[in-house]
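# Per-entry structural report
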Amino acid sequence: MAAPSKANIVILGGSYGGVSTAHYLLKHAIPILPNPSTYQVILISAASQVMCRPACPRALISDDLFSQDKLFVSIPSVFKQYPKETFHFIHGTATELSAANRKVSFTKSSGGTETVDFHALIVATGASTPSPLLGLNEDEKYLRSCWAAFRQALPAAKSIVIAGGGPAGIETAGELGEHLNGRAGWFTSKLTNPKVSITVVTTSSKILPALRPAIADKAEELLAKVGVTVVKNAKVVAVTPSGAGRDDVAAKASVTLENGKIIDTDLYIPAMGTVPNTSFIDKSLLAADGRVETNPSTLRVDKAGPRVYAVGDAASYARPAVHLILEAIPVVCANIKRDLLLAAGRDEQTVGEDRVYKEDSRETQMVPIGKSTGVGAAMGYRIPGFLVWMIKGRDYWLWTTGGLWSGKQWAKES
Ligand SMILES: Cc1cc2nc3c(=O)[nH]c(=O)nc-3n(C[C@H](O)[C@H](O)[C@H](O)COP(=O)(O)OP(=O)(O)OC[C@H]3O[C@@H](n4cnc5c(N)ncnc54)[C@H](O)[C@@H]3O)c2cc1C
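Residues numbered from 1 in each chain as written. Predicted model: local features only at pLDDT ≥ 70, side-chain atom pairs only at ≥ 80, totals over all residues. Heavy atoms only, no water.

### Focus: the overall build of the protein
Looking only at helices and strands, the protein features 11 helices and 21 strands. The C-alpha radius of gyration of the protein comes to 22 Å, within 12% of the 22 Å expected for a compact globule of 414 residues. Principal axes of the C-alpha set define a box for the protein whose edges measure 70 × 45 × 40 Å. Taking all 414 residues of the protein together, the buried fraction comes to 55%. Contacts in the protein between residues far apart in sequence, at least 24 positions, make up 68% of those at least 6 positions apart. Surface exposure of the protein reaches about 17800 Å², of which carbon and sulfur atoms provide 54%. The protein carries 44 positive and 37 negative side-chain charges, and their two centres are separated by 4 Å. (Helix = DSSP H or I, 4+ residues; strand = E, 2+ residues; numbered from the N terminus. Rg over C-alpha atoms; globule rule 2.2 N^0.38 Å. Buried < 20%, exposed > 50% of the residue type's maximum accessible area, 1.4 Å probe, protein only. Contact = heavy atoms within 4.5 Å. Areas by Shrake-Rupley, 256 points an atom, 1.4 Å probe, with all protein chains shown as cover. Lys, Arg positive; Asp, Glu negative; His and termini not counted. Charge placed at Lys NZ, Arg CZ, Asp CG, Glu CD.)

Below, the structure written as structure tokens:
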């Protein structure tokens with residue numbers, strides 16, 4: 001545990017937001033504070049490994065598809081580069097935030113509950129997917145156990161229903177379609193009689209809501225080539241048994257749509273929406289959608305008292321996407337540094353103004369459909385399939401995460 005005399009900078013959640021914030025502060029904020037040795041960054045995360053979450057739609061099929069050493073990286077190992085007394089990792093889950101008392105309680109993975117005081121707090125606990133196959137809803141052991149159960153059931157499956165027409169659902173459908181059914185030839189628009197019938201069900205009138213209709217239509221064409229059918233304007237209203245796809249990823253299910261139609265399926269993957277991991281935070285600090293109400297300019301949680309911030313999918317300042325988190329890190333860290341300097345006695349004039357975040361709202365999303373193609377746009381420009389493959393589809397961003405987890409990406413203050 002932290003020595004009581006230290007000023008604790010507590011970060012909750014060890015993923016894109018939390019790991020990046022920790023590196024950035026350890027490199028560019030703590031060393032310039034008066035008496036740096038009196039500060040300690042404490043990172044508390046439910047998973048002791050950080051993972052390239054976007055890779056889940058392919059990674060769930062087999063461990064052979066990615067180098068597992070790159071896919072999962074030990075959090076403590078990437079912080080060994082800093083002086084021991086400045087960083088402390090706790091494998092645990094935050095269970096209660098008391099903003100008034102400036103304390104966070106957490107359960108340790110090894111058992112028992114503890115409480116830590118914070119001088120500054122950064123909430124970066126992200127969001128969970130309804131399907132546990134698509135991220136670290138709990139720790140890495142749980143994710144791997146879900147993948148193992150799904151993989152065991154996969155060879156016997158003749159039908160799969162995926163609920164959700166966003167990128168997670170579409171990428172998962174594309175990966176499973178290509179893996180199980182192969183791909184129709186150049187001059188064939190649709191794979192007829194696929195080995196496994198794969199159906200994507202979406203409430204929306206088009207898939208991929210963040211992309212323009214022409215790109216969504218192209219995605220549908222590519223899905224048809226790997227034996228995936230899309231059912232639009234259809235809401236899943238019931239699943240029997242109710243835990244299918246959630247508690248039991250290998251269960252057969254009956255999926256009832258709003259129009260009364262029932263689809264019986266060998267496997268069900270609920271890939272619609274995400275739920276912010278904020279149940280440990282008082283509702284008065286949350287926006288209506290459950291994310292932490294975060295000042296969209298400064299990334300402070302204004303209602304939580306001084307030096308409280310939120311970043312990533314748990315925060316309300318922007319839509320959930322890695323590139324937006326990476327743009328937010330230098331901003332939130334500059335404001336943390338500023339606030340820490342003020343708290344240490346520096347005056348407003350020497351620390352300067354707040355740094356301001358502005359969400360980049362241009363159409364940006366890349367969606368691989370299998371291993372060789374996909375659809376997407378970046379900064380408002382449509383991207384051809386081979387570029388989607390080159391940038392994302394060939395390894396689902398694994399080429400970027402090495403530098404991110406090791407902190408090299410944050411070597412320079414930006
Ligand atoms: C299938 C899928 C594909 C995606 N593909 C892309 C993509 O290609 N490009 C893109 O930009 N975005 C993509 N995203 C979104 C992207 O993954 C998220 O924006 C990003 O992971 C959010 O990072 P984060 O740090 O906010 O939290 P998360 O990645 O959600 O991680 C949160 C961390 O906090 C931990 N945690 C949770 N609760 C607690 C608690 N109470 N106490 C302590 N720790 C806790 C979790 O274990 C986890 O380690 C994808 C998302 C999914 C689900």
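### Focus: the pairing of strand β6 (residues 103-108)
Relative to β6, strand β5 (residues 87-98) runs antiparallel, the two sharing six bridges. Within β6, the residue paired with leucine 97 across the bridge is valine 104. Where β5 hands over to β6, the hairpin turn is made up of four residues, of which arginine 102 adopts a positive phi near 55°. Pairing of β6 with strand β7 (residues 113-117), which is carried by five bridges, proceeds in the antiparallel orientation. In the sheet register, serine 105 faces β7, and the bridge partner there is threonine 115. The turn joining β6 and β7, which pair antiparallel and follow one another in sequence, is formed by four residues; a positive phi near 110° is taken by glycine 111. (Pairing = 2+ DSSP bridges.)

### A few points about helix α1 (residues 16-28)
The terminal C-alpha atoms of α1 lie 18 Å apart, and with 13 residues this matches the ideal 18 Å at 1.5 Å per residue to within 8%. Tyr16, Gly17, Gly18, Val19, Ser20, Thr21, Ala22, His23, Tyr24, Leu25, Leu26 and His28 are the residues of α1 that are buried. (Expected span 1.5 Å × (residues − 1).)

### Some words on the state of the cysteines
Inspection of the entire model under this criterion finds zero disulfides. Looking at the unpaired cysteine 56, the closest cysteine sulfur is the one in cysteine 52, lying at 8.1 Å. The class of cysteine 56 is buried, set by a relative accessible area of 1%. Among the cysteines around cysteine 146, which has no disulfide bond, cysteine 56 carries the closest sulfur, lying 11 Å off. (Disulfide = S-S within 2.5 Å.)

### Let's talk about the site of the ligand
In the neighbourhood of the ligand, 35 residues make up the surrounding shell, with Ser15, Gly17, Asp313, Val322 and Lys392 lying closest. Between tyrosine 16 and the ligand, the recorded distance is 3.2 Å, taken from a backbone N or O atom to an oxygen atom. In the environment of the ligand, a nitrogen atom lies 3.2 Å from a nitrogen or oxygen atom belonging to the backbone of alanine 46. Against a free-state accessible area of 1000 Å², the protein chains account for coverage of 91% of the ligand. Among the secondary structure elements, those contributing two or more residues to the shell around the ligand are α1, β2 (39-45), β5 and α8 (322-343). (Near = heavy atom within 4 Å. Polar contact = N/O pair within 3.5 Å; in protein donor to acceptor, adjacent residues only side chain to side chain.)

### Describing the sheet that holds strand β20 (residues 374-378)
With respect to topology, three strands assemble into an open sheet ordered β19-β20-β21, the strand pairing being antiparallel. The sheet is open, and its two edges are formed by β19 (365-368) and β21 (381-382), each paired on a single side. Inspection of the sheet shows β20 paired to β21 by two bridges, in the antiparallel sense. Bridged to alanine 377 within β21 is arginine 382. Along the sheet face, helix α7 (residues 213-225) touches β20 and β21 and points at about 160° away from the line of β20. (Axes fitted to C-alpha atoms, helices over the stretch in contact; angles between N-to-C directions.)

### Comments concerning the layout of surface pockets
Roughly 200 Å³ of internal volume is contained in the second largest pocket. If you go around the second largest pocket, the residues you meet are Arg183, Ala184, Gly185, Trp186, Lys218, Leu222, Lys225, Ser372 and Thr373. Its residues placed into classes, the lining of the second largest pocket shows three nonpolar, three polar and three charged. (1 Å grid on protein atoms, 1.4 Å probe; cavity = no way out; pocket = protein on both sides within 12 Å on 5 of 7 lines; lining within 4 Å. Points joined across faces, edges and corners; volume = space filled by probe spheres on them. Nonpolar A, V, L, I, M, F, W, Y, C, P; charged D, E, K, R; others polar.)

### Looking at the side chain of aspartate 266
Position of aspartate 266 among the secondary structure elements: in the loop between β15 (262-265) and β16 (267-270). One polar contact links aspartate 266 to lysine 252, side chain to side chain, over a distance of 3.1 Å. Leave out the neighbours within four places in its chain, and aspartate 266 touches Ala156, Ala157, Lys158, Ser159, Ala250, Ala251 and Lys252.

### Overview of the packing of α1 against helix α11 (residues 398-406)
Close contact between α1 and α11 brings their axes to 8 Å; oriented N to C, the two are set at 50°. With respect to α11, the element α1 is oriented oblique. Residues Tyr16, Val19, Ser20 and His23 of α1 form the contact with α11, whose participating residues are Thr401, Leu404, Trp405 and Ser406. Here the contact of α1 with α11 is composed, by residue class, of four nonpolar, four polar and no charged. (Parallel < 35°, antiparallel > 145°, perpendicular 65-115°, else oblique.)

### Regarding the domain arrangement of the protein
Split into domains, the protein comes out as domain 1 (7-129 + 275-360) and domain 2 (154-270). One C-alpha centre belongs to domain 1, the other to domain 2; they are set 34 Å apart. Regarding the contact of domain 1 and domain 2, the summed buried area is about 530 Å², with carbon and sulfur atoms giving 69% of it. Our enumeration of links across domain 1 and domain 2 arrives at one salt bridge. Among the ionic pairs, arginine 58 bridges to glutamate 175, the shortest N-O distance being 2.9 Å. Inspection of the domain 1/domain 2 interface yields one residue pair in polar contact (both at pLDDT 80 or more). (Domains from an automatic or database assignment. Buried area = accessible area lost by both parts, 1.4 Å probe. Salt bridge = Lys/Arg side-chain N within 4 Å of Asp/Glu carboxyl O.)

### Describing the pairing of strand β1 (residues 7-12)
For β1, the buried fraction is high: six of the six residues fall into the buried class. Because side chains alternate across β1, one face comprises the buried residues Ala7, Ile9 and Ile11, and the other comprises Asn8, Val10 and Leu12, equally buried. Relative to β2, β1 runs parallel, the two being bridged by six bridges. Looking at β2, one finds that asparagine 8 is bridged to glutamine 40.

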